[in-house]
Amino acid sequence: MKVAVVGATGLVGTKMLQVLAERNFPVTELLPVASARSIGKEVEFKGKKYKVVGMEDAIKAKPAVAIFSAGGSTSLEWAPKFAEAGITVIDNSSAWRMDPTKPLVVPEINADILTASDKIIANPNCSTIQMVVALNPLHKKYGIKRIVVSTYQSVTGTGVKAVDQLLNERKGVVGEMAYKYPIDLNVIPQIDVFTENGYTKEEMKMVKETAKIMRDDTIRVTATTVRIPVMGGHSESANVEFLNDFTLDEVRSLLEAAPGVVVVDDTANAKYPMPMDAHEKDDVFVGRLRRDESQDKTLNMWIVSDNLRKGAATNAVQIAEYLNSKGLL
Ligand SMILES: NC(=O)c1ccc[n+]([C@@H]2O[C@H](COP(=O)([O-])OP(=O)(O)OC[C@H]3O[C@@H](n4cnc5c(N)ncnc54)[C@H](OP(=O)(O)O)[C@@H]3O)[C@@H](O)[C@H]2O)c1
């Protein structure tokens, strides 16, 4: 299958190439695409070098699928042109996620909504993906009433420039800033821009995308999203109120049986999920499972995942795998 990776020189795009290779996605011809400044540069896939091409050339080559991670405005402009040419686009930006005509998919939860006529498919926000993978099995059993979530997000979620900022600051080198403030030895309680209600766009993505993916707009979500000087993945503290009561043993069993979830919860031996352990893994790790003693039917949990993998590349490749397995490409 001909596959285009748009944004192939970026952090997510590079991970996309790695994940496509690792999972042995049946790529017969790879088209790495990036901005005009990268045309002719080389990227590596399965030990071979491929030259970066421009958007027009990629469309002319008619790949079956194009996986976009090149930012929202690029996607708004180019995804419809790929789609018009019959190419299925899986998009990592926020451009199409809340468009009611576009599916927003986490394969473990709602791949069943996909049809052959879906030509632009949205990959959710990284912090939303790991949260819903962990919470969906509990929602099915107990019904979620409300989620209060606070995130501790890796600089890799901002892209190459942010990783460089952190590494430069560690070395004492003055360089380009991805954030308004230093990130090393700091915590920044702002991810994406502020919206009119005082929340950031990232926080509102967690609110809106959760309802869309879980197909239940009665779930109430409130989020505080925070950037920390970490690289391996995003962490989340979630306080989840259910409609029906639970036992911790049953919660643990449900999570242990859930696809894509690994329970790491052994407080006697100080075992819990951490980004340094989640790094380069595809799973969503959950731990610190405990009752909220201040409120009935409420659970506290800690959720960690590599945002570049399940939060971006792995989820997108799993969507492509699903489409391929159902003959929808
Ligand atoms: N990082 C995450 O955890 C994460 C998770 C989910 C989704 N995303 C989304 O994925 C996208 C990329 O994120 P990233 O972290 O990989 O950023 P990044 O490291 O800055 O990479 C951006 C990529 O987009 C390409 N690009 C930029 N403008 C373009 C244009 N006009 N035409 C074609 N290609 C263009 C860049 O090419 P050049 O090298 O030529 O500039 C580069 O390959 C964003 O939409 C982001 O919101 C990121």
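Heads up: the structure comes first, above all this text.
Position numbers for residues count from 1 along each chain, tracking the sequence in the order it is written. The predicted nature of this model means local features are confined to residues of pLDDT at least 70 and side-chain atom pairs, given and counted, to a pLDDT of 80 or more, with totals for whole chains, interfaces and linings taken over all residues. Side-chain metrics rest on all non-hydrogen atoms present in the structure, leaving aside hydrogens and water.

A.B. asks: Help me out: how do you make sense of the packing of aromatic side chains in this one?
C.D. replies: The relative placement of two aromatic rings is captured by the distance of their centres and the angle of their planes. Pairing of aromatic rings covers Phe, Tyr and Trp, the last counted by its six-membered ring, and requires centre-to-centre distances within 6.5 Å; plane angles under 30 degrees mean stacked, over 60 mean edge-to-face, and any other angle means tilted. Overall, the coordinates contain six aromatic pairs when judged by the stated rule. Seen in terms of ring centroids, Phe45 and Tyr50 are 6.2 Å apart; in terms of plane orientation they differ by 65°. Their pairing is edge-to-face. Like Phe45, the residue Tyr50 is buried in the burial classification. In textbook terms, an aromatic cluster arises when at least three aromatic residues are bridged by ring pairs, as seen for Tyr142, Phe242 and Phe246. Lysine NZ or arginine CZ positioned within 6 Å of the ring centre and within 35 degrees of the ring normal marks a charge as sitting over the ring. In this arrangement the basic side chain of Lys81 is found over the ring face of Trp78, its NZ or CZ atom lying 4.3 Å from the centre. Relative accessibility under 20% of the residue-type maximum defines a buried residue, over 50% an exposed one, and the middle range a partly exposed one, all with a 1.4 Å probe and only protein chains included.

A.B. asks: In this structure, what is going on with the pattern of salt bridges? I would like to understand it.
C.D. replies: Oppositely charged side chains are able to pair whenever their charged atoms sit close together. What counts as a salt bridge is simple: a side-chain nitrogen of Lys or Arg found within 4 Å of a carboxyl oxygen of Asp or Glu. This model, assessed by the stated rule, comprises 23 salt bridges. In this structure, Glu29 engages Lys2 in a salt bridge whose closest nitrogen and oxygen atoms are separated by 4.0 Å. One end of the pair, Glu29, is in strand β2 (residues 29-33); the other, Lys2, is in strand β1 (residues 2-6), and 27 residues separate them in sequence. The exposure class of Glu29 is partly exposed, given its relative accessible area of 34%. One network of salt bridges, in which partners are shared, links Lys15, Glu22, Arg23, Glu280, Asp282, Arg309 and Glu321. Put simply, DSSP H or I for four residues or longer makes a helix, DSSP E for two residues or longer makes a strand, and each gets a number counted from the N terminus.

A.B. asks: How do you make sense of the sheet that holds strand β12 (residues 284-291) when you look at a structure like this?
C.D. replies: By definition, the strands of a sheet pair up through backbone hydrogen bonds, in either a parallel or an antiparallel sense. Pairs of strands are assigned from DSSP output, requiring at least two bridges between the strands. Spatially, β9-β8-β10-β13-β12-β11 is the arrangement adopted by the six strands of the open sheet, whose pairing is mixed. Of all strands in the sheet, those bounded by a partner on one side alone are β9 (220-224) and β11 (261-263). Each adjacent strand pair in this sheet contributes to an overall mean axis angle of 25°, direction not counted. Direction of pairing for strand β10 (residues 234-242) relative to strand β13 (residues 298-305): antiparallel, over a ladder of eight bridges. Across the sheet, Asn239 pairs through a bridge with Asn300, a residue of β13. The contact definition used throughout considers only heavy atoms, calling two residues in contact when any of these lie within 4.5 Å. To get an axis, a line is fitted to the C-alpha atoms, and for a helix only the part in contact is used. The angle between two axes follows their N-to-C directions and goes from 0 to 180 degrees. Sheet strands touched by helix α5 (residues 126-142): β8 (144-152), β9, β10, β11, β12 and β13. Its angle to β10, the strand with the most contacts, is close to 25°. Packing of helix α8 (residues 248-257) onto the sheet brings it into contact with β11, β12 and β13, and relative to β12 it is tilted by some 175°.

A.B. asks: What exactly am I supposed to notice about the site of the ligand here?
C.D. replies: Around the ligand, the structure places 26 residues, and the nearest of them are Thr9, Val12, Ser35, Arg37 and Ser38. Between the ligand and Leu11, the relevant distance is 2.9 Å, taken from an oxygen atom to a main-chain nitrogen or oxygen of the residue. Distance and chemistry together define a polar contact, namely a pair of N or O atoms within 3.5 Å, with one atom able to donate a hydrogen and the other to accept it when in protein, and with adjacent residues in sequence counting only for side-chain atoms on both sides. A distance of 2.5 Å separates an oxygen atom of the ligand from a polar atom in the side chain of Ser38. Protein burial of the ligand: of its 910 Å² of free accessible surface, 77% is covered by the chains. If you list the elements that add at least two residues to the shell around the ligand, you get α1 (11-22) and α10 (309-325). Side-chain classes follow a simple rule in which Ala, Val, Leu, Ile, Met, Phe, Trp, Tyr, Cys and Pro form the nonpolar group, Asp, Glu, Lys and Arg form the charged group, and the remainder, Gly included, forms the polar group. Its residues assigned to classes, the shell around the ligand comprises 10 nonpolar, 15 polar and one charged. By convention in this text, a residue qualifies as near a molecule or strand provided that one of its non-hydrogen atoms is within 4 Å of it. Each accessible area value is a Shrake-Rupley result obtained with a 1.4 Å probe; residue values ignore everything except the protein chains displayed when judging cover.

A.B. asks: Explain a nonpolar patch on the surface to me, please; I cannot follow it from the model alone.
C.D. replies: In this analysis, a patch consists of residues with relative accessible area above 30% that form no salt bridge, clustered at 9 Å for like charges and at 5 Å for the nonpolar side chains Val, Leu, Ile, Met, Phe, Trp and Tyr. Together, Tyr272, Met274 and Met276 make up a nonpolar patch on the protein surface, roughly 320 Å² of accessible area in all. Relative to the elements of secondary structure, Met274 occurs in the loop between β11 and α9 (275-278). With a relative accessible area of 34%, Met274 lands in the partly exposed category.

A.B. asks: How do you make sense of the packing of α5 against α10 when you look at a structure like this?
C.D. replies: Direction vectors running N to C along α5 and α10 enclose 85°, while the axes themselves pass 8 Å from each other. It follows that α5 is roughly perpendicular to α10 by the angle criterion. Within the contact between the two elements, α5 uses Cys126, Ile129 and Val133 and α10 uses Lys310, Gly311 and Asn315. Looking at the contact of α5 with α10 residue by residue, the classes come out as three nonpolar, two polar and one charged. Small angles under 35 degrees read as roughly parallel and large ones over 145 as roughly antiparallel, with 65 to 115 read as roughly perpendicular and the rest as oblique.

A.B. asks: Would you mind going over unusual backbone geometry with me for this structure?
C.D. replies: Note: most residues except glycine have negative phi, and most peptide bonds are trans. Even without being a glycine, Lys62 presents a positive backbone phi close to 50°. Of note, Lys62 is situated in the loop between α2 (55-60) and β5 (65-68). Accessibility expressed as a relative area gives 53% for Lys62, which makes it exposed.

A.B. asks: What should I look at first to understand the sheet that holds β5 in this one?
C.D. replies: Strand order in the open sheet formed by five strands is β2-β1-β5-β6-β7, and the pairing between neighbours is parallel. Both outer strands of the open sheet, β2 and β7 (120-122), are each paired with one neighbouring strand and no more. Along the sheet, successive strands turn relative to each other by an average axial angle of 20°, direction set aside. With four bridges connecting them, β5 and strand β6 (residues 88-91) associate as parallel partners. Residue Ile67 lies in a different strand from β6, and its bridge partner there is Ile90. Where α1 meets the sheet, its contacts fall on β1, β2 and β5, and the angle it forms with β1 comes to roughly 155°. Helix-sheet contacts for α10 involve β5, β6 and β7, and the interaxial angle to β6 is about 155°.

A.B. asks: Would you mind showing me how to read the environment of Val251 here?
C.D. replies: Here Val251 shows up in helix α8. Sequence-wise, Val251 and Thr225 are 26 residues apart; in three dimensions their C-alpha atoms are separated by 25 Å.

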